[in-house]
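Listed below are the residues making up each chain.
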Amino acid sequence: MPYRWTQNSDAEQELRLWPHNSLPPRGAMIVILSVFLFGLIPLLAMLGSVVLWGLLPFLLLTVLGLWLAIQTNYRARSVFEVLTLDQTQARLVHHHPQTGDQEWTCNRYWARPEMHTSGGPVPHYVTLVGDGREVEIGAFLSEDERIALFDDLNQKLRDPA
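Residues numbered from 1 in each chain as written. Predicted model: local features only at pLDDT ≥ 70, side-chain atom pairs only at ≥ 80, totals over all residues. Heavy atoms only, no water.

(A) Looking closely at the pairing of strand 3 (residues 80-85). Burial analysis of strand 3 places 5 of its 6 residues in the buried class, which makes it a mostly covered element. Inspection of the sheet shows strand 2 (residues 13-17) paired to strand 3 by 5 bridges, in the antiparallel sense. Bridging from a neighbouring strand, Leu-17 pairs with Glu-81 of strand 3. Pairing between strand 3 and strand 4 (residues 89-96): 6 bridges, direction antiparallel. When the bridges of strand 4 are listed, Thr-84 appears paired with Arg-91. Where strand 3 folds back onto strand 4 in an antiparallel hairpin, the turn is made up of 3 residues. (Buried < 20%, exposed > 50% of the residue type's maximum accessible area, 1.4 Å probe, protein only. Helix = DSSP H or I, 4+ residues; strand = E, 2+ residues; numbered from the N terminus. Pairing = 2+ DSSP bridges.)

This is how it looks when you write it as structure tokens:
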């Protein structure tokens, strides 16, 4: 699961959520190198020919495009959320590389999770409601993970310890 509960102290718990990372940097390097090497195979027949110089830029553009796409994906996945629960407060901080941090705090007694099975941006959309506001949590998780997160939030918000 791309989220983890930690007990910071007797009275404080922290939930950390992050997007799933199915392609680590080493795997990305292997994919890019493999595309380059497999792209060189047809060019071997063109060695010593002027046609090689006409086809080589297309291979390099393909590898560059793949590298840029992977880097863009890594930047988009650098989002994470931290929910801190103490005896009286619930505090959610959404860290985003482009827009900065967004923060929500509420009295823990009034905070409650809600699940929108349809009508949200994703199926089984989970939000936290309290202090007159409704904020999303874990929108980048998979559907099964959001369902499990909703159950965990229900349990943790009802247990003050």
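From this point, the discussion proceeds with the structure in view.
(B) Representation of the pattern of salt bridges. Taken as a whole, this structure holds 2 salt bridges when the rule is applied. In this structure, the salt-bridge partner of Glu-103 is Arg-91, at a minimum N-O distance of 3.0 Å. Of this pair, Glu-103 sits in strand 5 (residues 100-107) while Arg-91 is found in strand 4, placing the two residues 12 residues apart along the sequence. With relative accessibility at 45%, the residue Glu-103 sits in the partly exposed group. Assessed through its relative accessible area of 35%, Arg-91 is described here as partly exposed. Between Glu-114 and Arg-112 there is a salt bridge, with its nearest N and O atoms 2.7 Å apart. Classification of Glu-114 as partly exposed rests on a relative accessible area of 23%. Residue classification places Arg-112 among the partly exposed positions, given a relative accessible area of 37%. (Salt bridge = Lys/Arg side-chain N within 4 Å of Asp/Glu carboxyl O.)

(C) Spotlight on the confidence of the model for the protein. Averaged over every residue, the pLDDT of the protein is 91; residues scoring 70 or more account for 98%. Taken element by element, the predicted model of the protein shows its lowest mean pLDDT in strand 1 (residues 3-7) (90) and its highest in helix 1 (residues 25-44) (95). (pLDDT = per-residue confidence, 0-100.)

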